[in-house]
Every structure is written in C-alpha cells, then in structure tokens.
Amino acid sequence: MNYARFLTAVSGARKPSPIRLLTELQQRSPPSLISLAGGAPNPNTFPFQSASIQVKNGQTVTFDETAMKRALQYSASNGIPELLTWMKDLQKALHNPPTIGYSHERGQMDMCVTTGSQEGLCKVFEMLVNPGDNVLLDAPTYSGTLAALQPLGCNIINVPSDHHGMNPGALKEVLSRWDPSEVHKPGSTSPRILYTIPNGGNPTGASMTAERKKDVYELARLYDMLIIEDDPYYFLQFEKPWAPTFLSMDVDGRIIRTDSFSKILSSGLRIGFVTGPKPLIDRIVLHIQASTMHTSTFTQLMVSQLLHSWGQEGFLQHIDGVIDFYRKQRDAMISSADKWLADVAEWHAPSAGMFLWMKLKGIADTQQLIMEKALEKEVLLVPGNAFMINGSDPCPYVRAAFSLSTPEQIDEAFRRLSLLIKEAL
C-alpha cells in the first residue's frame, strides 16, 4: 500500500528527534558506555527510593532501588521493550494478524504504547485527517472521538448502524457517490478513513458480527480506505467465542487498531496500545517524540511486571473475572429496565461493554429531561445528543452505564426515571 497518500502534510514532514534517538541509543547500550550526550536528569537526585505494590491475588509488584531509578527516568517513545514484546505476543495469540510476516513496506504489524487509547486515537487522526477530508463513522459514537475529529475541519459522514453495529449495505450506499476507479486521482474527495467501535460500542453497546466486518473490510479494499478499529471493550465481550477482529482479517495492512487497559487493569494508569502497519506506527511514534515523549515509565514497568508474572493464561483468567462482574451488572440493569421502563422505553441488551442505550417513547429530545428534571430527582444519565455528530439536534435516546452502581442503585435510578418519563408524557 502507498501509505504516504494517507498522511497529512504535517505528519509526512515529521523527522526523528536527534536527542530522543541519542537517549534511546544510550538505553540500549552496555553499561561500559560513557555518555555525555543525554539530557536526562540524574536519578540519584530523585526523592523516591523503592516501592512495593500489593496485588489482590497476593502477589507483589516490587521496585527496588535500581528498578525505581529506571521507572522514574525517560524511556523509549514507542514503549518499554518488555511490555511491547508481551503485548505483541498477546496480539499474535488473540488475532494472528496476516501482516505479522510482511515486510516493512507491505505493512508489517507493529505496535506502540500510548497514554491511554485516547492519545493513540488523537495521534492517528492528526496523522491522517486534513481539513476538508471526508471521514466515515457510525454515529452515535464516542464523544471523545467527535471531540478529536471536529477541530480538524473534516466532514464527518454518518454510516447508519443498528444493534449489530455498522451496516455494510448502508456503507455501500454512502460510498456509491464515488467511483472506486477514481479514488487515487488528484483531487478525489473519496473517504480515506473509516472509524468504528466494533465491540460494545460507546454509547450504543452495539457489536459487529463477523460477516459485517468481512463486508466492511471488502468495501475498504475496494475504495482503498484505512479502518480505525477502536476496541477498548474487546475484553468485555460477554459471550465466547469472541468475534474475530478486523486486525485478524487484515491481509492488506489497512487496519489501525487501538486497545486499552483502562477497563480491565486501571483507567488511571493510562496505558493503551496502537497496532497497525509499521510505516504508520513509525509516524505515530514521531508524533509522540514531539509531544508527550512517552507514556509514564513507572506505570509501564508496573503493568509489565504484573503481566509477566501472570503470563497470558493468568491475564485471560483475570479477564474472565472482569467479564463475569460486568455480565452480572448488565443483567441487573436489564432486569430493572424490564421492571420499570418496559412501557416507556425500548432497548437491545448489549453483548459487550458497559452501556445500555435506550430510546424513550414519546420523548423527542432527552436533553432537558435528563440535565434538569432527572438531576432534580438525583439520578444522572447522559442525553443521547452528546454522542451525535450535530449535538444540537433533538435526540430521544439516553445512555445508562452499569459499571459503577450497585444493582440496588440501578433499580432505584430506573424507578425514578420511569416516574419522570411518565410525568413528561
């Protein structure tokens, strides 16, 4: 693939930072090297000496004085080597990407660590999206995606979807205004990027079927588009076997995938990953060098130590426990919705994620109901227009999260919401 055609002018012009290259070269060098090059501070001046972190299963993550010095120092912009190696092995085991054995130029699979998947998304968009570009996504969608895209001056085009995610037939219809044979011609306005959350979508809870993914991927091949597979809820799929990913079917090197540990290890540690063709991952790393420099070395080492002690089997056992918790939370929310809201709302039970997306019957716009009247009754949901391309349009939907509240709190919240809806009607 010609990856250069996807890059913005700014991204294409980025060059490696000589200082960062020297720093990373020094980190890979033997202790006998005498370096007068790096601008790193002396860790002997830092006040922290050691740390011991207790894990719930009784294990301990320990930083002795030597490890602490490394944890508090600068590190490579693409991530610390041991964490990257562990994650690459996991991606191979879970997705078996066809691009693993490709050459660099053909789009060999590569990865980098980002400060949460949100940073990865922002850098991907800034790498690929020019003002005036047409970008495809299936709204309603994650408000953070809209916040990242809209300032770039692109035209966001909605692809209709349902509780099984993006509709390939609707995507084909949207794309029909362009001729596939002309997408490479100068001045073509054909979309080059398609964004989707394939599992447990935020806010809808929708999950794409394997057949839909195959159909969408074939359309991406026909129109030479990149697919941004934003999958923070991949590990929160309630039923096995898990759906195959776009990454697992990527024979061309046209998938950029973002993963996150926020939902399964810690949201505050801010560790995410971008997986994709090496020519594009290299560009993201250059952007990291010029902005955040790298994700916290301390949190990377902390997570890496935990994952290496668990191994893949232990990690997936942890995931099973997380899934079991969220499945019970979902079931509790569906039970309360059936009890209190069956006559005033409609919904589909999500098969992944943390959200229930509900359409309130007879309510044209939920903004005032939720942000004023519901707040007065001390119950808070998110009005649906927060997830729409045009947030000022009326929207009859609300998003309810089942991640934090107890089943009893969920039941009481839906009782209050039911009364509010009936009053409004």
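Reading the values: the criteria
- Residues numbered from 1 in each chain as written.
- Predicted model: local features only at pLDDT ≥ 70, side-chain atom pairs only at ≥ 80, totals over all residues.
- Heavy atoms only, no water.
- Helix = DSSP H or I, 4+ residues; strand = E, 2+ residues; numbered from the N terminus.
- Expected span 1.5 Å × (residues − 1).
- Buried < 20%, exposed > 50% of the residue type's maximum accessible area, 1.4 Å probe, protein only.
- Phe/Tyr/Trp six-rings, centres within 6.5 Å; stacked < 30°, edge-to-face > 60°.
- Lys NZ or Arg CZ within 6 Å of the ring centre and 35° of its normal.
- Contact = heavy atoms within 4.5 Å.
- Domains from an automatic or database assignment.
- Buried area = accessible area lost by both parts, 1.4 Å probe.
- Salt bridge = Lys/Arg side-chain N within 4 Å of Asp/Glu carboxyl O.
- Polar contact = N/O pair within 3.5 Å; in protein donor to acceptor, adjacent residues only side chain to side chain.
- Pairing = 2+ DSSP bridges.
- Core = buried A, V, L, I, M, F, W, Y, C linked by side-chain atoms within 4.5 Å.

> Help me understand helix α5 (residues 116-128), please; the structure alone is not making it clear to me.
Because an α-helix completes one turn every 3.6 residues, residues spaced three or four positions apart along the sequence face the same direction. The end-to-end C-alpha separation of α5 is 19 Å, in line with the 18 Å expected for 13 residues at 1.5 Å each. Across the 13 residues of α5, ten count as buried, placing the element largely inside the fold.

> Would you explain the packing of aromatic side chains in this entry?
Each aromatic ring pair is characterised by the separation of its centres together with the angle its planes make. Enumeration according to the criterion identifies 13 aromatic pairs in this entry. For the ring pair Tyr234 and Phe235, a centre distance of 5.1 Å and an interplane angle of 80° mean the geometry is edge-to-face. There is no split in this pair, since Tyr234 and Phe235 are both buried. Through a chain of ring-to-ring contacts, three or more aromatic side chains come together here, namely Trp86, Tyr234, Phe235, Trp242, Phe261, Phe273 and Phe315. Over the face of the ring belonging to Phe6 we find Arg5, whose NZ or CZ atom lies 4.6 Å from the ring centre. Above the plane of the ring of Tyr102 lies Arg106, whose end atom (NZ or CZ) is 3.8 Å from the centre.

> How should the environment of Cys112 be read in this particular structure?
Residue placement: Cys112 occurs in strand β3 (residues 109-114). Considered as a pair, Cys112 and Asp282 are 170 residues apart in the sequence and their alpha carbons are 8.6 Å apart. If we ignore the near neighbours within four places in the chain, the residues touching Cys112 are Asn78, Leu84, Gly272, Phe273, Val274, Ile281, Ile284, Val285 and Ile288.

> Explanation requested: unusual backbone geometry in the structure shown.
Note on backbone geometry: most residues besides glycine have negative phi, and most peptide bonds are trans. Omega for the bond connecting Ala139 with Pro140 falls within 30 degrees of zero, at 0°, which places this linkage in the cis form. By the secondary structure assignment, Pro140 is in the loop between β4 (134-137) and α6 (143-149). One non-glycine residue, Asp224, lies in the positive phi region at around 50°. Examined against the element boundaries, Asp224 turns out to sit in the loop between α8 (210-222) and β9 (226-230). Judged by relative accessible area, Asp224 falls into the buried class, the value being 12%. At Met293, a position not held by glycine, the phi torsion is positive, near 75°. In this structure, Met293 sits in the loop between α9 (278-289) and α10 (297-340). Classification of Met293 as partly exposed rests on a relative accessible area of 26%.

> Which parts of the structure should I look at to understand the domain arrangement of the chain?
Under the domain assignment used here, the chain contains domain 1 (74-311) and domain 2 (321-424). The straight-line distance from the C-alpha centre of domain 1 to that of domain 2 is 28 Å. Listed by partner, the interface residues are 28 residues for domain 1 and 19 residues for domain 2. Carbon and sulfur atoms make up 68% of the area that domain 1 and domain 2 hide from each other, which totals about 2000 Å². Remark: the boundary between domain 1 and domain 2 carries zero salt bridges. Along the contact surface separating domain 1 from domain 2 lie seven residue pairs in polar contact (both at pLDDT 80 or more). Secondary-structure elements contributing two or more residues to the side of domain 1 that touches domain 2 are α6 and β5 (155-158).

> Teacher, can you tell me more about the sheet that holds strand β13 (residues 355-360) here?
Strands pair in a sheet through their backbones, by hydrogen bonds, and they do so in one of two ways: parallel or antiparallel. Taking strand neighbours across the sheet as the criterion, the four strands line up as β12-β13-β15-β14 in an open arrangement whose pairing is antiparallel. Whereas interior strands pair on both sides, the edge strands pair on one side only; in this sheet they are β12 (345-347) and β14 (382-383). Where β12 meets β13, three bridges bridge the pair, whose relative direction is antiparallel. Among the inter-strand pairings, Glu346 is bridged to a residue of β13, identified as Lys359.

> Can you walk me through the nonpolar core in this structure?
Grouped burial of nonpolar side chains is what soluble globular proteins tend to show. The biggest cluster of nonpolar side chains holds 93 residues, and the ones touching the most others in it are Phe315, Leu341, Met358 and Phe414. With 14 residues, the single largest contributor to this core is α10. Residues contacting Phe315, with those up to four places away along its chain left out, are Trp86, Leu90, Phe235, Phe261, Ile264, Leu307 and Trp310. Core analysis: the next-biggest nonpolar cluster, separate from the first, contains 23 residues, Met166, Ala220, Met225 and Phe246 among them.

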